[in-house]
Amino acid sequence: MTTALDRIRGGVPAKRHNARTIAALTANPGCSRRAVLDAAGIDKPRLAERIGFPGSFGQSRFALARGNGFEAMLKADDCALLLSVLRDVLALEAPAVSYDDLGEDDDATLTARHGRTRELLAAAAGTALIDHPLLTLAVAGRQVFLEPDLIAFHASGLLHVVEIKSFAIVDGQADSAKVSAAAVQAAVYVLALRRLLADLGHDPALVSHDAVLVCPRDFSLQPTAVLVDVRKQLSTLTRQLTRLASVSDLVAALPPNLSFDTALPPADLIAALGQVEARYAPECLSACELASYCRHEAAGSTATLGRPVRDALGGVDTVEEALALAAGTRTPTEDQAEAAALLQAAARLRAEAL
């Protein structure tokens, strides 16, 4: 399958996944187009730009600077401030905590840092903090390097993934969308860490399903920490990674000359996209770089109205069909009978209300 995916990608290297891109895979697991593009390592931002639908993804420079400053403050003096927060949320009682900073390496030395991470985890005892650890995860047959913010090893034997985010927790509440995104990203690290422990011959359950989320409290930079249960995200992530690993069935059904090489003319790339089925939903706009194009492509379909509408109107693919069924000017097929009854009832209630 690797040869077929390389051919689909064209003459460019595969785009390397990270925790954010892997987390985004869970946003629309039913989309064949995304599965093929991600399995092949296609540079989706470049592809979207090439076909005239550039996305606006990523944090602002202000948000990045605030996040980097907050993390640096927490990790100063061997994580002194961060440790005080972790002691509260994880009930750390050991007076002495070992601290290892593996540093940040270039691509040429990633394997060495991963090896050092393995050594530290294999020998972990007592209470320890491992900064800049490097984990790996198989995504569509390729090994991806992942770097969580921190791993905390509890004296009781549990490992916790620590995620540092710059969005605020105000009066004990935070933006639900941002917390959800952080939970999925943490689940990527938990999964990678569990697989590393299993590879070392340890029980994967030693990695807690409760990730530690560290954020500024209220409107200051004073940190606070909460535990986030990522079991649901782990289940979804595992299913989607399994699906990517078995994407060979999707690839085998595609035309043999299909290519998403971004050196091709835009018209050829658009034609190629049309040969891989998409499953657009409005939520894609916050999770996929090709969402603007897919929205344009799906114009007039019930999918653009959201998944609840699309699912309720199963068998009714376009808005034009839905309106005709609601007005009674179109005879529904057997598959559309239930949806047609719902549409006509809604039309009647709307007319009465008006």
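Structure: see above.
The structure reproduced in this document is the subject of the present report. Because the structure is predicted, anything quoted here is derived from the model rather than measured.

**Some words on the pattern of salt bridges**
No. 1: According to the stated counting rule, one finds 13 salt bridges in the structure shown.
No. 2: The closest approach of N and O atoms between Arg 118 and Asp 199, which form a salt bridge, is 2.6 Å. Here the residue Arg 118 occupies a position in helix H6 (residues 110-123), and Asp 199 occupies one in helix H7 (residues 176-199), the gap between them amounting to 81 residues.
No. 3: For Asp 199, a relative accessible area of 52% translates into the label exposed.
No. 4: Across the salt bridge formed by Glu 163 and Lys 165, the nearest N and O atoms sit 3.4 Å from each other.

**Some thoughts on empty space enclosed by the protein**
Left-over empty space is what a probe sized like a water molecule reveals as it rolls over the atoms.
No. 1: The tally for this structure, following the rule as stated, stands at 2 cavities of 30 Å³ or more.
No. 2: For the largest cavity, the lining is made up of 16 residues, of which Cys 31, Arg 34, Cys 284, Cys 288 and Cys 294 are closest to its centre.
No. 3: Class assignment for the residues of the lining of the largest cavity results in 11 nonpolar, 1 polar and 4 charged.
No. 4: In this structure, the second largest cavity encloses a volume near 40 Å³.
No. 5: Considering the residues around the second largest cavity, the lining is formed by Glu 163, Val 179, Ala 182, Ala 183, Ala 186, Ala 211, Val 212, Leu 213 and Val 228.
No. 6: Secondary structure elements with two or more residues in the lining of the second largest cavity: H7 and strand S7 (210-216).
No. 7: For the lining of the second largest cavity, the element with the most residues is H7, which contributes 4 residues.
No. 8: Classifying every residue of the lining of the second largest cavity gives 8 nonpolar, no polar and 1 charged.

Parameters and conventions
Residues numbered from 1 in each chain as written. Predicted model: local features only at pLDDT ≥ 70, side-chain atom pairs only at ≥ 80, totals over all residues. Heavy atoms only, no water. Salt bridge = Lys/Arg side-chain N within 4 Å of Asp/Glu carboxyl O. Helix = DSSP H or I, 4+ residues; strand = E, 2+ residues; numbered from the N terminus. Buried < 20%, exposed > 50% of the residue type's maximum accessible area, 1.4 Å probe, protein only. 1 Å grid on protein atoms, 1.4 Å probe; cavity = no way out; pocket = protein on both sides within 12 Å on 5 of 7 lines; lining within 4 Å. Points joined across faces, edges and corners; volume = space filled by probe spheres on them. Nonpolar A, V, L, I, M, F, W, Y, C, P; charged D, E, K, R; others polar.

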